[in-house]
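# Summary of the model geometry
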Amino acid sequence: MSSTGSKTPMSKTIELIFDFVSPNAYLIWQPLKAVAEKHGADIAITPVFLGGMHKLSGNAPPFVRDAQVKGKNEYAMLEMNRFIARHGLTKFKMNPKFPFNTVTLQRLLLAVDPGERAGLVEALQPGVWEQGLDMTDIEVLGNILNDAGYDAKALLEKTQDPAIKQQLMDNTEKAVERGAFGIPTMYVDGEMYFGKERLGQIAEQLAAAG
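The paragraphs below set out a description of the structure included in this document. Residue numbers restart at each chain and count upward from 1, following the sequence in its written direction. With pLDDT at 70 or above as the cut-off, local features in this predicted model cover only qualifying residues; side-chain atom pairs require 80 or more to be listed or tallied, and sums for whole chains, interfaces and linings still use all residues. Side-chain numbers come from the whole structure's heavy atoms, not from hydrogens or water.

### Examining the nonpolar core
Remark: nonpolar core denotes a set of buried residues (Ala, Val, Leu, Ile, Met, Phe, Trp, Tyr, Cys) joined through side-chain atoms within 4.5 Å. Accessibility here uses a 1.4 Å probe with only protein chains present; expressed as a share of the type maximum, an area under 20% marks a residue as buried, one over 50% as exposed, and anything in between as partly exposed. Ranked by internal contacts, the top residues of the largest apolar core, which has 57 residues, are Ile-14, Leu-108, Leu-124, Leu-145 and Ile-202. Working definition: helices are DSSP H or I runs of at least four residues, strands are E runs of at least two. Numbering for both runs from the N terminus. In terms of residue count, the dominant contributor to this core is helix α1 (residues 23–38) (eight residues). Residues are treated as being in contact if the distance between any of their heavy atoms lies within 4.5 Å. Each residue touching Ile-202, except ones within four places of it in the same chain, is listed here: Ile-14, Leu-32, Val-35, Met-186, Val-188 and Tyr-193.

### Some thoughts on the pattern of salt bridges
Every case where a carboxyl oxygen of Asp or Glu lies within 4 Å of a side-chain nitrogen of Lys or Arg is listed as a salt bridge. Taken as a whole, this structure holds five salt bridges when the rule is applied. The closest approach of N and O atoms between Arg-82 and Glu-79, which form a salt bridge, is 3.6 Å. Of this pair, Arg-82 and Glu-79 are both found in helix α4 (residues 72–87), three residues apart, which corresponds to roughly one turn of the helix. Residue classification places Glu-79 among the partly exposed residues on the basis of a relative accessible area of 27%. One salt bridge connects Glu-157 with Lys-153, and the closest N-O pair in it is separated by 2.7 Å. Of this pair, Glu-157 and Lys-153 are both found in helix α8 (residues 152–158), four residues apart, which corresponds to roughly one turn of the helix.

### A look at the layout of surface pockets
Of the voids in this model, the second largest pocket is the one considered here, and its volume is about 290 Å³. Grid spacing is 1 Å over the protein atoms alone, the probe is 1.4 Å, and a cavity is where that probe fits but cannot get out, while a pocket is an open set with protein on both sides within 12 Å along at least five of seven lines and lining residues have an atom within 4 Å of a point. Looking at the second largest pocket, it is lined by 15 residues, and the ones nearest its centre are Phe-83, Arg-86, His-87, Lys-196 and Leu-199. Elements with a contribution of two residues or more to the lining of the second largest pocket: α1, α4 and α10 (199–208). Each residue receives one of three labels: charged for Asp, Glu, Lys and Arg, nonpolar for Ala, Val, Leu, Ile, Met, Phe, Trp, Tyr, Cys and Pro, and polar for the others, Gly being one of them. Residue classes in the lining of the second largest pocket are distributed as five nonpolar, three polar and seven charged. Grid points are joined across faces, edges and corners, and a volume is the space filled by probe spheres set on the points.

### Structural notes on the sheet that holds strand β1 (residues 12–18)
The rule for pairing is simple: two strands pair if DSSP sees at least two bridges between them. If you walk across this open sheet you meet the four strands as β2-β1-β3-β4, and the pairing is mixed. Across the chains shown, the open sheet's two edge strands, defined by having one partner strand only, are β2 (41–47) and β4 (191–194). The mean inter-strand angle of the sheet, taken between neighbouring strand axes irrespective of direction, is 25 degrees. Across seven bridges, β1 lies against β2 in parallel orientation. Counted as the bridge partner of Leu-16 is Ile-45 from β2. For helices, the fitted axis covers only the stretch in contact; all axes are lines through C-alpha atoms, and the angles between them, taken along N-to-C directions, range from 0 to 180 degrees.

### Here's the deal with the environment of Tyr-26
Mapped onto the elements, Tyr-26 comes out in helix α1. The spacing of Tyr-26 and Lys-72 is 46 residues in sequence and 21 Å in space, taken between C-alpha atoms. Those residues in contact with Tyr-26 that lie beyond four places of it in its chain are Lys-91, Phe-92, Gln-125, Trp-129 and Glu-130. We define a polar contact as two N or O atoms separated by no more than 3.5 Å, with the added condition that, inside protein, one atom must be a possible hydrogen donor and the other a possible acceptor, whereas residues neighbouring each other in sequence contribute only through side-chain atom pairs. Among the polar contacts made by the side chain of Tyr-26, one reaches the side chain of Glu-130 at a distance of 2.8 Å.

Okay, here's the thing in structure tokens:
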């Protein structure tokens, strides 16, 4: 059979600018995976440090930024609860240590191959946003890593590698240079989408790509 005129489908990728500290990064993860699977897309995780993004962009966490706006944070919580209910994310609970320092967690993502980042996200997110663990406690973190089949000692040692430290800073700066100012930010074929409410738009773009 002749293949003249046939087209090879383009590989589709959703780039996810990611930091464990964002509850919305947790909330979007499973729904985004579902969108990617439905449309034959991959998810590429770019680890950044959200605190650095806020400093570079002049942004601030919504609960701080909107504290003086009557009703705004209350409405944001209403929308969060709607999203949780819609997607069945019933295991979610706010971490009592929030906001917490995620430098080590973010460096861990850079200590593994890019193709292994999704697995590490899945291994660590429950401790952060379901079990309410103190992920800044190296012993707690090490136990989670070991239980998930990782060599915790080796990975944690890599987080002290100057190259990995620099990569996290570079990723953060480049994300802001591209226009990102918060988490979750996603890119599909160069188009930026911010926030978990953009899942439908991402699905539409992926569908249009064929």
